[in-house]
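# A structural walkthrough
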Amino acid sequence: MNNDNEQPEVNEGGKRWVYVAVGLAILAAVLFAVSQSGALDRSVQWSDDRRVAAPASERVAATPKPVAKQADPAGEARGIVKAKQEATIASRITARITSMPYGEGKSFSKGALLASFDCSQTRAQLNAANAAAAALRKAYETNAELRQYEAVGKNEVAVSQANLNKAVAETAAVSAQLSDCAVYAPFAGTVVEEIAHAREVAASGQPLLKIQSGGNLEIELIVPSRWLTWLKPGTPFRFTIDETGQEAGGVVTRFGAAVDAVSKTIRVTADITEQSGLVLPGMSGSARFPEATAAAPAAPAKAANDKQS
């Protein structure tokens, strides 16, 4: 009877121990989590303190330095040698070419015969026009003499005079065509390209030769538009030719009509004042202006270093 009464007390005591154990386990888990969170916070704080306490030299070294843009060499510009005078000789009539004495690369003087054409038909037309004009002139002179004796009327004299004037005009037109049967050089120079050849039939307006002045050369440069602050006509420079490595002296003569808005450059033309060795049109090179070095602004990298110090 007593044993039955004591059994519930034992069961209730066991349950209390279970509850206590579970509670202790939960408390231990909570404490562990809190301790881990505190350690993480201390680690983050330690890292921040380390960055704050880093030496000033390390912080400066970690800061990226601005890279200065490398500028082109001061006072240097690219250019090309050109002939001052260039022309394309073309035919003004349709005729067979009888002679072209100057081939490609040959030099000629001003007024030299560059091309001649077969104009036998044109000469025959000119002879016929001259004969017709002579006959009409005789008729007019006769009518004018008869008019003095009132043998003819005024109208006959006027008509004969008009016919004479027409014949004279036709003769002048044929004579002008005959002058186109020969082409003469407008200046002394060299044949660059021979487009047509002798014994070919050239059409009116067909190109025959490309010519350029021989020793009369100039240099065409492309320079930055900011150079206009100091670059003036008459500015001297030295020009180094790529093909030969030799130098030539030049002087600026004129500027282009406008600045290129995209490249910020302007075209400059210069005369060659002195040269050594062979200089031909089409050669390229670099021009150096001594005055550009004095006019160039201070380098950006040097100014940045002065500011840091």
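Now for a quick tour of the structure.

Basis of the calculations
- Residues numbered from 1 in each chain as written.
- Predicted model: local features only at pLDDT ≥ 70, side-chain atom pairs only at ≥ 80, totals over all residues.
- Heavy atoms only, no water.
- Disulfide = S-S within 2.5 Å.
- Helix = DSSP H or I, 4+ residues; strand = E, 2+ residues; numbered from the N terminus.
- Buried < 20%, exposed > 50% of the residue type's maximum accessible area, 1.4 Å probe, protein only.
- Expected span 1.5 Å × (residues − 1).
- Contact = heavy atoms within 4.5 Å.
- Pairing = 2+ DSSP bridges.
- Phe/Tyr/Trp six-rings, centres within 6.5 Å; stacked < 30°, edge-to-face > 60°.
- Axes fitted to C-alpha atoms, helices over the stretch in contact; angles between N-to-C directions.

Here is the idea: a disulfide is a covalent bond, and it sits between the sulfur atoms of two cysteines. Inspection of every chain in the model, using the stated rule, returns one disulfide. One disulfide in the model links Cys-119 with Cys-181; its S-S distance is 1.6 Å. Taking the sign of the S-S torsion, -110° for the link of Cys-119 and Cys-181, the bridge is left-handed. Of the two residues, Cys-119 sits in the loop between strand S5 (113–117) and helix H3 (120–148) while Cys-181 sits in the loop between helix H4 (154–179) and strand S6 (182–184), which places them 62 residues apart along the sequence. There is no split in this pair, since Cys-119 and Cys-181 are both buried.

The next thing to look at is the side chain of Thr-171. Tracing the sequence through the fold places Thr-171 in helix H4. On the basis of relative accessible area, Thr-171 is assigned to the buried category, the value being 12%.

Looking now at H4. When the terminal C-alpha atoms of H4 are compared, their 38 Å separation across 26 residues agrees well with the 38 Å that a helix rising 1.5 Å per residue should span. Val-157, Ser-160, Leu-164, Ala-167, Thr-171 and Val-174 are the residues of H4 that are buried. The elements touched by buried residues of H4 are H3.

This part covers the pairing of strand S11 (residues 236–241). The alternating pattern of S11 places Phe-237, Phe-239 and Ile-241 on a buried face and Pro-236, Arg-238 and Thr-240 on a face that is not buried. As paired elements, S11 and strand S12 (residues 247–255) share five bridges and run antiparallel to each other. Opposite Arg-238, over in S12, you have Gly-249 as the bridge partner. Between S11 and the antiparallel strand that follows it, S12, lie five residues; Gly-245 among them carries a positive phi value of about 75°. As judged from the four bridges shared by S11 and strand S14 (residues 284–288), these two strands associate in the antiparallel manner. Looking at the pairing, Arg-238 lines up with Arg-288 of S14.

Right, let's get into the packing of aromatic side chains. Pairs of aromatic rings are described using the distance from one ring centre to the other and the angle between the two planes. All chains considered together, the criterion is met by five aromatic pairs. For the pair Trp-227 and Phe-289, a centre-to-centre distance of 5.7 Å together with 75° between the ring planes defines the contact as edge-to-face. A residue pair is termed long-range when its members are at least 10 positions apart, and Trp-227 in the loop between strand S10 (217–224) and S11 and Phe-289 in the loop between S14 and helix H5 (290–295) qualify at 62 residues. With respect to class, Trp-227 is no different from Phe-289; both count as buried. By the ring-pair criterion, three or more aromatic residues cluster together here, those being Trp-227, Trp-230, Phe-237 and Phe-289.

Before going further, it helps to spend a moment on the sheet that holds strand S1 (residues 76–83). Judged by pairing direction, the barrel is antiparallel, and its six strands sit side by side in the order S1-S10-S13-S12-S11-S14 before closing back on the first. Strand-to-strand, the axes of this sheet are offset by a mean angle of 40°, without reference to chain direction. Pairing between S1 and S10: six bridges, direction antiparallel. Bridge assignment links Ile-80 to a residue of S10, and that residue is Glu-220.

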